[in-house]
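Survey of secondary and tertiary structure
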Amino acid sequence: MSKKIKPQLTIAGPGAGKTHNMINQIIDCLPQIESHRYLAVITYTRAATNEIKERFQKQVNIPQNFFIGTIHSFLNNFILQPYGLIFNLVPENRIYVECEIETKSKDPKTKAIEKKRVVKSLLNQGIILYDEVINQSKILIKDKKIRSLVGHRLQVLFIDEYQDATVAQHEIFEEIRKEKRTQIYCVGDPEQYIMGFTYRGKKKPTYEKIPFFRMAAKSQVREIKENYRSNHSIVNFINNFNTNIEQKSISELVDKEVSFIKDTNLEKIISQFNDICDEHIFKEKIIKKYYLSYENKTFSKIASKYNLHADEITDNVSNDLFKNTVEFISQLLKKSKTKIMEDLDLDIIAFRSKCFTILHSITNSNFIDAEPIIDAICDLFEVRDSQLIKNSKKRTEEFLDTFKNSTREKFDNGHYMSIHKSKGLEADAVLVVAKNNKELEMWLETDKEKRFTDTTDKCRLGFVGFSRAKEVLCIACLEEISPVLKTKLLEFGVRIV
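Notes on the structure follow. Every chain's residues receive numbers from 1 upward, in the order its sequence appears when written. Local features in this predicted model are restricted to residues of pLDDT 70 or higher, and side-chain atom pairs are both shown and tallied only at a pLDDT of 80 or more, whereas totals for entire chains, interfaces and linings draw on every residue. Side-chain numbers come from the whole structure's heavy atoms, not from hydrogens or water.

Here we come to the overall build of the protein. By definition, any uninterrupted DSSP run of H or I lasting at least four residues is a helix, any uninterrupted run of E lasting at least two residues is a strand, and each is numbered from the N terminus. A count of helical and extended segments in the protein gives 22 helices and 17 strands. Any residue under 20% of the maximum accessible area for its type is buried, any over 50% is exposed, and the rest in between are partly exposed; the area is computed with a 1.4 Å probe on protein chains only. Looking at the protein residue by residue over its 497 residues, the buried ones come to 51%. Only heavy atoms matter for contacts: two residues are in contact if any of them lie within 4.5 Å across the pair. Of the contacts formed within the protein by residues at least 6 apart in sequence, a portion of 79% connects residues at least 24 apart. Accessibility throughout is a Shrake-Rupley quantity obtained with a 1.4 Å probe, and a residue counts as covered only by protein chains that appear here. Only carbon and sulfur atoms are counted for the fraction: they give 47% of the accessible area of the protein, which is about 24,700 Å².

Taken across its nine residues, helix α21 (residues 458–466) has eight buried, putting it largely inside the fold. All of the buried residues in α21 are C459, R460, L461, G462, F463, V464, G465 and F466.

Residues F74, L157 and I176 are the most contacted members of the largest nonpolar core, which totals 43 residues. Among the elements that line this core, the one with the most residues is helix α3 (residues 71–84), at seven residues. Setting aside chain neighbours within four positions, we find F74 in contact with A40, I42, F67, I79, L154, L157 and I176. Formed by 31 residues, the second largest nonpolar core is a distinct cluster that contains V258, F260, L461 and F463. We call a set of buried residues a nonpolar core when its members are Ala, Val, Leu, Ile, Met, Phe, Trp, Tyr or Cys and they connect through side-chain atoms within 4.5 Å of each other.

Two rings from Phe, Tyr or Trp (for Trp, the six-membered ring) form a pair when their centres are within 6.5 Å of each other. A pair whose planes differ by under 30 degrees is stacked, one over 60 is edge-to-face, and the rest are tilted. Going through the model one piece at a time under the given rule, you end up with 20 aromatic pairs. On the basis of an interplanar angle of 25° and a centroid distance of 5.4 Å, the ring pair of Y207 and F452 is categorised as stacked. You can see Y207 sitting in the loop between β7 (183–188) and α8 (211–216) and its partner F452 sitting in helix α20 (residues 448–452), a full 245 residues away along the chain. Look at Y207 and you get buried, because its relative accessible area is 3%. In textbook terms, an aromatic cluster arises when at least three aromatic residues are bridged by ring pairs, as seen for Y193, Y207, F212, F213 and F452. Here, over-ring charges are defined by two tests on the NZ atom of lysine or the CZ atom of arginine: distance to the ring centre within 6 Å, and angle to the ring normal within 35 degrees. Note that R153 overlies the ring of Y38, its terminal NZ or CZ placed 5.0 Å from the centroid. Over the ring of Y294 we find K458, and its NZ or CZ is 5.2 Å from the ring centre.

Patch definition: residues with relative accessible area over 30% and no salt bridge; like charges joined within 9 Å; nonpolar side chains (Val, Leu, Ile, Met, Phe, Trp, Tyr) joined within 5 Å. The term salt bridge refers to a pairing of a side-chain nitrogen on Lys or Arg with a carboxyl oxygen on Asp or Glu at a separation within 4 Å. The sign given to each residue is positive for Lys and Arg and negative for Asp and Glu; His and the chain ends receive no count. Taken as the charge location is NZ of Lys, CZ of Arg, CG of Asp or CD of Glu. Negative charge collects at one region of the surface, where D369, E397, E398 and D401 lie side by side. Mapped onto the fold, E397 is located in helix α17 (residues 393–411). Note on E397: relative accessible area 35%, which makes it partly exposed.

Every α-helix carries 3.6 residues per turn, so stepping three or four residues along brings you back to the same face. Residue count minus one, scaled by 1.5 Å, sets the expected span of a helix. Compared with the 16 Å implied by 1.5 Å per residue over twelve residues, the 16 Å span of helix α7 (residues 167–178) between its first and last C-alpha is a close match. Extensive coverage of α7 is indicated by the burial of ten of its twelve residues. Among the residues of α7, V167, A168, Q169, H170, I172, F173, E174, E175, I176 and R177 are the ones counted as buried.

Quick look at the pattern of salt bridges now. With the rule as written, the count across this model stands at 25 salt bridges. The salt bridge involving E295 is made with K297; its shortest N-O contact spans 3.9 Å. Members of the salt-bridge network, linked through shared partners, are K142, R147, E175, K178, E179 and R181.

Our focus in this paragraph is the packing of α3 against helix α6 (residues 144–153). The angle between two axes is taken between their N-to-C directions and runs from 0 to 180 degrees, where each axis is a line fitted to C-alpha atoms and a helix contributes only its stretch in contact. Interaxial distance between α3 and α6 falls to 11 Å at its minimum, and their mutual angle equals 135°. Compared by their axis directions, α3 and α6 come out oblique. The element α3 and its partner α6 pack so that their crossing is right-handed. Counting all contacts with α3, which are made through N77, F78, I79, P82 and Y83, the residues of α6 involved are I146, L149, V150 and R153. Of the residues that constitute the contact of α3 with α6, the class distribution is seven nonpolar, one polar and one charged. Should an angle fall under 35 degrees it is called roughly parallel, over 145 degrees roughly antiparallel, and 65 to 115 degrees roughly perpendicular, with every other angle called oblique. Left-handed is the label given to a crossing in which the near helix is rotated counterclockwise from the far helix by less than a right angle, and right-handed is the label when the rotation is clockwise. All amino acids are sorted into three groups, where Ala, Val, Leu, Ile, Met, Phe, Trp, Tyr, Cys and Pro are nonpolar, Asp, Glu, Lys and Arg are charged, and the leftover types, Gly among them, are polar.

Attention now moves to the environment of L75. By secondary structure assignment, the location of L75 is in helix α3. As a C-alpha pair, L75 and Q136 span 61 residues in sequence and 9.4 Å in three-dimensional space.

A few words now on the side chain of S422. For S422, the position within the fold is in helix α18 (residues 419–422). Not counting the four nearest positions on each side in its chain, S422 is found in contact with L292, M417, V464 and R468.

Now for the environment of K218. Looking at where K218 falls in the secondary structure, it is placed in the loop between α8 and β8 (220–224). Sequence separation between K218 and P7 is 211 residues; the distance between their C-alpha atoms is 7.0 Å. Those residues in contact with K218 that sit more than four places away from it in its chain are K6, P7, E174 and R177. There is a polar contact of 2.7 Å between the side chain of K218 and the side chain of E174. Residues adjacent in sequence count toward polar contacts only when both atoms are side-chain atoms; beyond that, a polar contact is any pair of N or O atoms within 3.5 Å, and within protein one must be able to donate a hydrogen and the other to accept it.

The next point concerns the sheet that holds strand β17 (residues 495–496). Two strands pair under a simple rule: DSSP has to find at least two bridges between them. Sheet architecture is open: seven strands sit in the order β13-β14-β12-β15-β16-β11-β17, paired in parallel fashion. Taken across any chain shown, the strands that pair with only one partner, and hence form the sheet edges, are β13 (309–310) and β17. In this structure, strand β11 (residues 259–261) lies alongside strand β16 (residues 469–477), joined through three bridges in parallel fashion. Looking across to β16, one finds that I261 is bridged to A476.

Now the structure itself:
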């Protein structure tokens, strides 16, 4: 492939359905992939990897020459493992460790020398730090022969959340681009770039020079302006802070204006937030609520009083509900998980995908009657036994009752977390609390130049926090706001309560 292949970069704002769009692009590419080459997808979390795998599996069978994983997994599979041994950069027997190296010296130059010495010592012992996966891969890919080999092997490369790519990661992708053998697709939202802390003392690029914009300068750029997540008022509000695209709400959710709670007492703020949720449409409906702030400790002191769960519990709750759903399906079909997979010739991903479909149906339909759930299970798991259907209604109703009570207990009061941790998530109702006027002022900054020159990423934190909400968004501050901020909120169409 001698002709130049121009990368394609998609700017997809919050709620734009970027995963859905990316999966459709991947499926479109599959027929073109040569049998000896790979289509690879890079995600930035294991959760995102599993989500894409499960969604992908619903539509097509995953071929052998398809890879999906995190950046470290990709580099290990395509660069470090095949070529690191040849160049004697990594030992044959090795383990990977995520940790920080602390040095005694305060002098930056001395610290760098000490850190390099420790890294080399660990490498000799077969211990590779996660940062070194990137550093060693960057060294290898700059060799023209290795770059050519990687290009020959890699036909298509999708990179998710490109706004979070570091300079070192971007340099690796740039070497792959230069080889002109790999079609690169990138997707992300620069307005959600809040990961500057990952540079950990290394020189951090200014916002205009983050890798996302450097890749955009060499790419064919398209924009997805639709927002399927949030109602019209929330989308209109967050558009004030978007320096890249203006979104349009496609949601059919009930419109509810954004509210600012003027009380400065956190307990009263929470009570008023819950009242606003109840006066909306949530009186009898189980909803997901998020309580967001810059730091977890904002809510941690009063969490037990309001039965709020810390963010790390969320995955455990989801895992418990999924596990219960799998057990229920097994009991209903009177087969073990292994037997179901054998009878339907399913791998673990396909089986989990079907179970997630049932879980999704239950949670998103606010615990519908037994019959639709039974019909869905029979359809997905190819059940034709009418007697089974007749005998399963009572068991299904019992499961739905248990599920309902469990979910009310674990979800109804909500989860508190830092805005950083909320990235990529969504909730029916969101409360975002600033600790003072200065913080709120940064979150509400509309001047593009000031947002571009903010090296702390704090102005974009507000955008990320606000855009998690689907139906109800409330903002508050732990000190009385200035007249200037009050005027600004009113100009944005925010209701002050």
